[in-house]
Amino acid sequence: MSDPRFLALNAWLNRIFDTGVTPKLISGDASFRRYFRVQADDKSFIVMDSPPELIEVMPFVKLANAYLKQGVSTPQVIEINVEDGFLLLSDLGDVQLLSELTLNNVDHYYGQALALLDSVSKVKDNGEIPLPLYDGEFVKRELDIFTDWLIKHHLGIELDDATQVMLDRTYAVLINNAAEQPKVGMHRDYHSRNLMLKNGHLHVIDFQDAVLGPITYDAVSLLRDCYIRWPDEVVEKLMLQHFQQVVDAGVVDKDLPVATYRRWFDLMGLQRHIKAAGIFARLKYRDAKPAYMNDIPLTLEYIHDISARYPELSCFSQWIETLITPAFKEPK
């Protein structure tokens, strides 16, 4: 079957390079983008294919420049084709941080990644306009993905009035938690698959959805990763490191109790995992990407365990444990 976008991409690349090149598909991601690698003049490059009617490339270009100005290493934009939605980028290699992590080195690498958040948090605009605000409406839209796609669409569960009230109260707690926190530049998908390791240094990718949002969001995205779970004592130690960072940076008051920060962190992670479980289901049914369904059990595990720590979320935790997790395990 012909691929018109690939043919157009190939033609564009052969106008850029003197010698013919052959793009090789390396991955798609959880969006509509595809990525290719090309070799030319003994150098390796990455090509982004982003259908312009679905995802424009200029937000990526502008944010790449904004991150660079703050000293955050991201793919360098070499050539731009806005009309067709193609970018030629520098190649940061194939080594995702996730593939290198062990209990022996997680403190080291996550320590680096947390330190990098000091610079990431300073990116509050794209060089022209402020980043979108991750406000209550934004959070509610993300939480509704869980209700609509995992609970209703995948599991086929219709919510009775009492359950809907329970969910509304749970979501209100999470929305208020996000609103309470200081706002910084937020990557929004800061985890071990979006950090590339090359020459011993971390490089950041997939930042084009950056927003202004809560201080704990990126830290908990990293430490309570949807794709790997670390022992609580490891997460606690690194969480306290980030707490001290934001205190030292003056982003939060030096008198802020650690308990307040821990609650912010826990509930922010809970909100993210609820959203992620919904997105993984949506990827299967809307976008024909079923592999992400394999990541839902870990998100449900987080959701149950963290919500169980807070009395106001105990009904939600029990609902996840007694109904949602068993229903998900049933063959569909």
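All figures in this text were calculated on a predicted structure; none of them were measured in a lab.

**Student:** Would you explain the pattern of salt bridges in this entry?
**Tutor:** It is possible for side chains bearing opposite charge to pair when their charged atoms get close. In this structure the tally under the stated criterion is 21 salt bridges. Salt-bridge contacts for D206 lead to R33; the nearest nitrogen and oxygen are separated by 3.3 Å. Taken together, the positions of D206 in the loop between β8 (201-204) and β9 (211-214) and R33 in the loop between β1 (24-28) and β2 (34-40) put the pair 173 residues apart, joining distant regions of the chain. Side by side, D206 and R33 carry an identical accessibility label, which is buried.

**Student:** Explain unusual backbone geometry here, please?
**Tutor:** Excluding glycine, a negative phi dihedral is what most residues carry, and trans is how most peptide bonds are arranged. Despite not being glycine, D42 has its phi angle at roughly 60 degrees, a positive value. Within the fold, D42 resides in the loop between β2 and β3 (43-49). Although it is not a glycine, A288 adopts a positive phi angle of roughly 55 degrees. Assessed through its relative accessible area of 63%, A288 is described here as exposed.

**Student:** Before we go on, may I ask you to explain the packing of aromatic side chains in this structure?
**Tutor:** Between two aromatic rings, the relevant description is the distance of the centres plus the angle of the planes. In total, this model carries 13 aromatic pairs according to the counting rule given. Three or more aromatic residues link up through ring pairs in this structure, and these residues are F60, Y67 and F207. The aromatic ring of F138 is capped on one face by R141, whose charged end is 5.0 Å from the ring centroid. Of note, R193 hangs over the ring of Y227, and the distance from its end group to the ring centre comes to 3.7 Å.

**Student:** What is the right way to read the packing of helix α4 (residues 136-154) against helix α8 (residues 258-285) from this model?
**Tutor:** Packed helix pairs are characterised by how far apart their axes lie and by the angle those axes make with each other. Where α4 contacts α8, the two axes come as close as 7 Å, and the packing angle between them is 50 degrees. As the angle between them shows, α4 and α8 are arranged oblique. Read as a crossing pair, α4 and α8 show a hand that is left-handed. Between α4, through V139, E142, L143, I145, F146, W149, L150, H153 and H154, and α8, the contact on the second element is made entirely by Q271, I274, K275, A277, G278, I279, A281, R282, K284 and Y285. Looking at the contact of α4 with α8 residue by residue, the classes come out as 11 nonpolar, 4 polar and 4 charged.

**Student:** What should I look at first to understand helix α10 (residues 314-329) in this one?
**Tutor:** Think of an α-helix as turning once every 3.6 residues; residues three or four places apart then point the same way. With 16 residues, α10 extends 22 Å from end C-alpha to end C-alpha; this agrees with the ideal 22 Å at 1.5 Å per step. Helix geometry: α10 is bent most strongly at I320, by close to 40 degrees. Considered for burial, the residues of α10 that qualify are F316, S317, W319, I320, I324, T325, A327 and F328. Elements that come into contact with the buried residues of α10 comprise α4, α5 (161-180), α8 and α9 (296-307).

**Student:** What's the story with helix α3 (residues 106-120) in this structure? I'm lost.
**Tutor:** Spanning 15 residues, α3 covers 20 Å between terminal C-alpha atoms, matching the ideal 21 Å at 1.5 Å per step. When α3 is considered as a whole, its buried residues turn out to be V106, Y109, Y110, G111, A113, L114, L116, L117, S119 and V120.

**Student:** Any chance you could explain the pairing of β3 here in plain terms?
**Tutor:** Remark: a regular strand shows side chains that alternate across the two faces of the sheet. Of all 7 residues that make up β3, 5 are buried, and the element is covered over most of its length. Between β2 and the antiparallel strand that follows it, β3, lie 2 residues; D41 among them carries a positive phi value of about 55 degrees. Here β3 runs beside strand β5 (residues 86-90); their pairing, made up of 5 bridges, is antiparallel. Paired with V47 across the bridge in β5 is L88.

**Student:** What should I look at first to understand the pairing of strand β7 (residues 195-198) in this one?
**Tutor:** Here β7 runs beside β8; their pairing, made up of 4 bridges, is antiparallel. Looking across to β8, one finds that L195 is bridged to V204. Hairpin connection, β7 to β8: the antiparallel pair is bridged by 2 residues, and N199 has positive phi, about 55 degrees.

**Student:** It is not clear to me how the side chain of K275 should be interpreted in this structure. Could you clarify?
**Tutor:** Relative to the assigned elements, K275 resides in helix α8. A residue is classified by how much of its surface remains accessible, and K275, at 6% relative accessible area, is buried. When sequence neighbours within four positions are dropped, the list of residues in contact with K275 reads E142, R188 and Y217.

**Student:** Sorry if this is basic, but what is going on with the packing of helix α7 (residues 232-248) against α8 here?
**Tutor:** Running from N to C, α7 and α8 point in directions that differ by 115 degrees, and their axes come no closer than 11 Å. Taken together, the axes of α7 and α8 are roughly perpendicular relative to one another. Seen along the crossing, α7 lies across α8 with a hand that is right-handed. For the pair α7 and α8, contact is made by V235, E236, M239, L240, H242, F243 and V246 and by V258, Y261, R262 and F265, respectively. For the contact of α7 with α8, the class distribution of residues is 8 nonpolar, 1 polar and 2 charged.

Procedures and definitions
- Residues numbered from 1 in each chain as written.
- Predicted model: local features only at pLDDT ≥ 70, side-chain atom pairs only at ≥ 80, totals over all residues.
- Heavy atoms only, no water.
- Salt bridge = Lys/Arg side-chain N within 4 Å of Asp/Glu carboxyl O.
- Helix = DSSP H or I, 4+ residues; strand = E, 2+ residues; numbered from the N terminus.
- Buried < 20%, exposed > 50% of the residue type's maximum accessible area, 1.4 Å probe, protein only.
- Phe/Tyr/Trp six-rings, centres within 6.5 Å; stacked < 30°, edge-to-face > 60°.
- Lys NZ or Arg CZ within 6 Å of the ring centre and 35° of its normal.
- Axes fitted to C-alpha atoms, helices over the stretch in contact; angles between N-to-C directions.
- Parallel < 35°, antiparallel > 145°, perpendicular 65-115°, else oblique.
- Left-handed = near helix turned anticlockwise from the far one by under 90°.
- Contact = heavy atoms within 4.5 Å.
- Nonpolar A, V, L, I, M, F, W, Y, C, P; charged D, E, K, R; others polar.
- Expected span 1.5 Å × (residues − 1).
- Bend = angle between axes of the 7 residues up to and from the residue.
- Pairing = 2+ DSSP bridges.

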